[in-house]
Amino acid sequence: MTAPSALDRARLVHWRTAVFTLFLLCGVTFASWASRLPAVKQNLAIDDFEVGVLLFAMGAGSLAGVMSANVIVARWGAKRGLSVTVVGVGAGLFIAALGVDALGSYPVAVVGLALMGLCFGATDVMINVEAASVEQAFGRTLMPLFHAFFSLGTVAGAGIGVAVVGWGVGVTWHLGVVALVWLVITGFALQYLPTSERVAAEATGTVPSRRERMHATLAVWRDPRTYAIGAIILGMAFAEGSANDWLTIAVVDGHGESEATGAIFLTVFSVSMTVFRALGGPLVDRIGRVWTLRALSIAAALGLVVFILAPNLPIAFLGVALWGAGASLGFPLGMSAAADDPTKAAASVSAAATIGYVAFLCGPPVLGWISHQIGILNTLWIIVGLIVMSGLASGAAKPIAGSKVGAGHH
C-alpha cells in the first residue's frame, strides 16, 4: 500500500487535526444537549414517558443515520456527505432548542431531535471512516486517540452545561450558541479533508467508480471478517453503553448507595476509559491489536465481575476502573481492523460502525427490560458473557497483509 503517505506532511497533519476537531465537537454537542434534559422536562412540563419519546426520536433518527451512512459514503464520499450532515446536526439542535424554550412546543422539539439524531448518526460513522483513512496514512494506531477526543468533548460539554445552568442561561441561548459554534468550526475543519477519490487514488493508484463503491458497500456484508469484527465491537459496545446508562442505577439499586456516589462511579469509569484511549495507540503499536484486545477483554470481564460481587466500595471502585479500561479500545480498534484493506475501507468501517451503534442504541432498553425481571446486578452477568465473546473473537482483528497499522513490534 503506497497510501496517502504520498500526501505531503503538512496536508496530513491538517487532515488529522480536522478529524480530531470533529470528534471533539461531536462529544461537546452531544453532552450539551444531554446536560439540559432536566430543564427540557421542566420547560415543556412533560412527564418521564414524554421525555422517553424525545429520546426515542433522537435514538431512532441516529439509528437511521448510522444505517444510511455507508450508502452516503459510497455515493458521495465522506467529505461531501459530512458537508450536508453537519449542517443537519446544527439545524436539528437549534430547532430542538427553539422548541424547548422560545416556542415551548413539544412537537417542534421532537422534530428537531429526530433531525439532529439522523444527521448525528451519519456524521459519527463518516468521521470514523475519515479517522481510519488518517490512521492508515500515518501508519500507526491513532483510532483510540480520536475516540479519546470524543470522550474529552463529552466531559467539556457536560462541564459547560453545569456552568450555564448555574448562571441561569436558558436552553435556547445555550444550545443555540452550541449549534452556531458547531456549524462554524465544522465548516472550517471540513476544508482540510481530502475527497474520497483522492485518498483512493493515492492508496491504490485507481479511483473506483460510484457503481464499484456501491458494490463494495454491499459485498462487505458477505465477508465473514465483517461479522467477526462486529462481534468484537458488539461485546465492547455493550460493555461501554451499559455503564453509561445503567452504572449509576446499579450503584444505587444494586449496592444500596446514594445517587451522588453513583455519579462518582460513572466519573471513575469515564476517566479510566478516556485515559486508556489516550494511551492505547502506543500500546497497540507495541504488542499488536489482537493481544491488546485479548488483554483488555480479560480486564473488562474481571472488572465487571468484581463490581457485581464487591463486598465494599473500594473494591467496587477498583472493579469499575478495570471495567472502564477494558472497554476502552474495543470499538476504536474494531474500526481500525475494518480499515485494513484500503479498497473497501469505507464500506467495512461503515458496516462495523453500524453493528456497534445498533448495540449502543438498542442495548440499554433491552437491558432495562431484563433488569426489570431479574434485577440490575444479575443483568450485568449478560454483559460479562458478551465481553468474553468479544475476547474470543479478537483474532479477527489481526492486520491483513499490507496494512501498516496494528501488527505490533514484538
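Since the structure is predicted, the reported quantities are computational estimates derived from the model, not experimental observations.

On to the overall build of the protein chain, then. When helices and strands are counted, the protein chain shows 16 helices and 0 strands. Scaling as 2.2 N^0.38, a compact globule of 410 residues should have a C-alpha radius of gyration of about 22 Å, and the protein chain matches this with 21 Å. Dimensions of the protein chain along its principal axes, counting C-alpha atoms only, are 60 × 50 × 35 Å. Accessible surface computed for the protein chain: about 16,700 Å², of which carbon and sulfur atoms make up 70%. Charge centroids of the protein chain, computed over 22 positive and 20 negative side chains, lie 13 Å from each other.

Next up on the list: the nonpolar core. Ranked by internal contacts, the top residues of the largest apolar core, which has 111 residues, are Leu247, Leu304, Phe307, Trp323, Leu380 and Ile383. Looking at this core, the element that brings in the most residues is helix H5 (residues 106-138), giving 16 residues.

What follows covers the environment of Gly363. Examined against the element boundaries, Gly363 turns out to sit in helix H15 (residues 345-374). Separated by 301 residues in the primary sequence, Gly363 and Ser62 have C-alpha atoms spaced 14 Å apart.

Quick reminder: α-helices carry 3.6 residues per turn. Residues three or four places apart thus point the same way. Taking 1.5 Å per residue, 30 residues should reach 44 Å; H15 reaches 41 Å between its end C-alpha atoms and fits that length. The principal kink in H15, of about 40 degrees, is found at Cys362, preceding the proline Pro364 by one to four residues.

This part covers the packing of helix H10 (residues 224-254) against helix H12 (residues 289-309). Contact geometry of H10 with H12 gives a least axis separation of 12 Å together with a crossing angle of 30 degrees. Comparing their axes, H12 and H10 come out roughly parallel. Here the hand of the crossing between H10 and H12 comes out left-handed. Each of Arg225, Ile232, Met236, Leu247, Ala250 and Val251 in H10 lies in contact with H12, whose residues at this interface are Arg289, Leu293, Leu296, Ser297, Ala300 and Phe307. Per-class residue counts for the contact of H10 with H12 are 9 nonpolar, 1 polar and 2 charged.

Moving on to the side chain of Ser371. Looking at the element boundaries, Ser371 is found in helix H15. Here Ser371 falls in the buried class, since its relative accessible area comes to 14%. The contact partners of Ser371, leaving out residues within four places of it in the chain, are Ile376 and Thr379.

On to the pattern of salt bridges. Considering all chains together, one arrives at 4 salt bridges under this definition. Of the charged contacts, one joins Asp8 and Arg11 as a salt bridge, the two residues approaching to 3.0 Å between their closest N and O atoms. For Asp8, a relative accessible area of 38% gives the class partly exposed. Residue Asp340 pairs with Arg225 through a salt bridge whose shortest N-O separation is 3.1 Å.

Rules used throughout
Residues numbered from 1 in each chain as written. Predicted model: local features only at pLDDT ≥ 70, side-chain atom pairs only at ≥ 80, totals over all residues. Heavy atoms only, no water. Helix = DSSP H or I, 4+ residues; strand = E, 2+ residues; numbered from the N terminus. Rg over C-alpha atoms; globule rule 2.2 N^0.38 Å. Areas by Shrake-Rupley, 256 points an atom, 1.4 Å probe, with all protein chains shown as cover. Lys, Arg positive; Asp, Glu negative; His and termini not counted. Charge placed at Lys NZ, Arg CZ, Asp CG, Glu CD. Core = buried A, V, L, I, M, F, W, Y, C linked by side-chain atoms within 4.5 Å. Buried < 20%, exposed > 50% of the residue type's maximum accessible area, 1.4 Å probe, protein only. Expected span 1.5 Å × (residues − 1). Bend = angle between axes of the 7 residues up to and from the residue. Axes fitted to C-alpha atoms, helices over the stretch in contact; angles between N-to-C directions. Parallel < 35°, antiparallel > 145°, perpendicular 65-115°, else oblique. Left-handed = near helix turned anticlockwise from the far one by under 90°. Contact = heavy atoms within 4.5 Å. Nonpolar A, V, L, I, M, F, W, Y, C, P; charged D, E, K, R; others polar. Salt bridge = Lys/Arg side-chain N within 4 Å of Asp/Glu carboxyl O.

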